[in-house]
Amino acid sequence: MLDVRDLRVAFETRGRTVPALHGVSFALRPGTVAGLVGESGCGKTLTALAIMRLLPATAGIQAGDVHLNGRSLLDLPEREMARVRGAGIAMIFQQPRASLNPVFPVAAQLTHVLRLHRGLARRAALAEAEALLARVGLPGPTRILRAYPHELSGGMCQRVMIALALACRPRVLVADEPTTALDVTVQLQIVELLRALQQELGLTVLLITHDLGLVAEICDDVHVMYAGRIVESASVEALFRRAAHPYTRGLMTARVRAGGRALPTGIPGRVPPLGQTPPGCPFHPRCHLAGPECAAAEPPPEVVADGHIVRCHRWRAGVA
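Bear in mind the structure is a predicted one, so any value in this text is a computation, not a measurement.

Here is what the cut-offs are and how they apply
Residues numbered from 1 in each chain as written. Predicted model: local features only at pLDDT ≥ 70, side-chain atom pairs only at ≥ 80, totals over all residues. Heavy atoms only, no water. Helix = DSSP H or I, 4+ residues; strand = E, 2+ residues; numbered from the N terminus. Buried < 20%, exposed > 50% of the residue type's maximum accessible area, 1.4 Å probe, protein only. Polar contact = N/O pair within 3.5 Å; in protein donor to acceptor, adjacent residues only side chain to side chain. Contact = heavy atoms within 4.5 Å. Pairing = 2+ DSSP bridges. Axes fitted to C-alpha atoms, helices over the stretch in contact; angles between N-to-C directions. Salt bridge = Lys/Arg side-chain N within 4 Å of Asp/Glu carboxyl O.

(A) Just the side chain of Thr 111, in detail. Mapped onto the secondary structure, Thr 111 falls in helix 4 (residues 106-118). Taking the relative accessible area as the measure of exposure, Thr 111 reaches 12% and is therefore buried. Reaching out from Thr 111, the side chain makes a polar contact with the backbone oxygen of Ala 107 at a distance of 2.6 Å. In this structure, Thr 111 is in contact with Ala 125, Leu 126 and Ala 129, ignoring residues within four places of it in sequence.

(B) The arrangement of the sheet that holds strand 9 (residues 221-226) in detail. Here we have eight strands laid out as an open sheet, ordered 6-7-8-3-9-10-12-11, and mixed in their pairing. Both outer strands of the open sheet, strand 6 (89-92) and strand 11 (302-305), are each paired with one neighbouring strand and no more. Across the sheet, the mean angle from the axis of one strand to that of its neighbour is 20°, orientation sign disregarded. Sheet analysis places strand 11 next to strand 12 (residues 308-310), joined by three bridges and oriented antiparallel. Among the inter-strand pairings, Val 303 is bridged to a residue of strand 12, identified as Ile 309. Relative to strand 6, helix 1 (residues 44-52) is tilted by about 145°, and along the sheet it contacts strand 3 (33-37), strand 6, strand 7 (172-176), strand 8 (204-209) and strand 9.

(C) Highlighting the sheet that holds strand 1 (residues 2-13). Taken together, four strands build an open sheet; the order of strands is 2-1-4-5 and the sheet is antiparallel. The open sheet is flanked by strand 2 (16-28) and strand 5 (71-72), the only strands paired with a single partner. Strand direction decides the pairing type here: strand 1 and strand 4 (residues 59-68), joined by eight bridges, are antiparallel. The residue bridging Ala 10 from the neighbouring strand is Gly 60, located in strand 4.

(D) View of the pattern of salt bridges. Following the criterion strictly, the structure yields 13 salt bridges and no others. With a shortest N-O distance of 2.8 Å, Asp 3 and Arg 5 are connected by a salt bridge. By relative accessible area, Asp 3 is classed as partly exposed at 23%. Judged by its relative accessible area of 42%, Arg 5 is partly exposed. In this structure, Glu 78 engages Arg 53 in a salt bridge whose closest nitrogen and oxygen atoms are separated by 3.6 Å. Taken together, the residues span a long stretch of sequence, with Glu 78 in helix 2 (residues 78-87) and Arg 53 in the loop between helix 1 and strand 4 at a distance of 25 residues. On the accessibility criterion, Arg 53 (23% relative accessible area) is partly exposed. In this structure, a network of salt bridges that share partners links the residues Arg 53, Glu 78 and Arg 85.

Next comes the structure, spelled out in structure tokens:
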């Protein structure tokens, strides 16, 4: 459904080209939910923006390709890509309130999308907008249509964003940290809504998150990202049963477990800033398994099991 191949993105800053994504590759199976996980600064959101061709002016795609249903998105003229956004692939952004235009009511923003992409007349667009708000669980959709974003709670704005993303009936939905800045109760409601919509509409979903508990609950496949690279890919069952990369295992030990008595342990150090990635494996300065080979060369992909890929020189030393 969505196939990302050797995607490389770099920023132009102060006369320098600074690589940010280093050959990112993964694929989404139709009708499934795939998680893209990692700490802040690993390149998850940048990957989503590159897929959507919504990169900032200082960034550019250097190499690679993105295929949607076998069609290369990077080769499309901008006018055609604008039609793909929404109808082919849609995105829920991190900050729902900031992503909605504060000077227009919800009705204007929803009906604009419906009229532009689906060619609906004004009355039909209003009716469809009300139906979309009802579908995402907003009570009193007629009242919500008249409201401005600042008059809605964070959870309500997120539901409006989901309605906007679904307005053009996309096949693929990219959800970038859809529960960020929401309280725990609302987070659960949004997760349940996304899961219900995915199953009802047969959506293929890329869920960007740092929450492995959420991944375990909703995802079919997982791609673990570090310093602009995919370092491990597997099914959810395989990853939680036998994580191979030391970084993945570190993320798991950093989780708070329900009923657990011991405090979670963190990963020492931090993700290297852009332009300061160490040679060899970028994780080796933080890795307790690192050896001389880890600083000398970046590890190639290795097969742990069918469908389970890892990039680590010494992963066998840490897997029971």
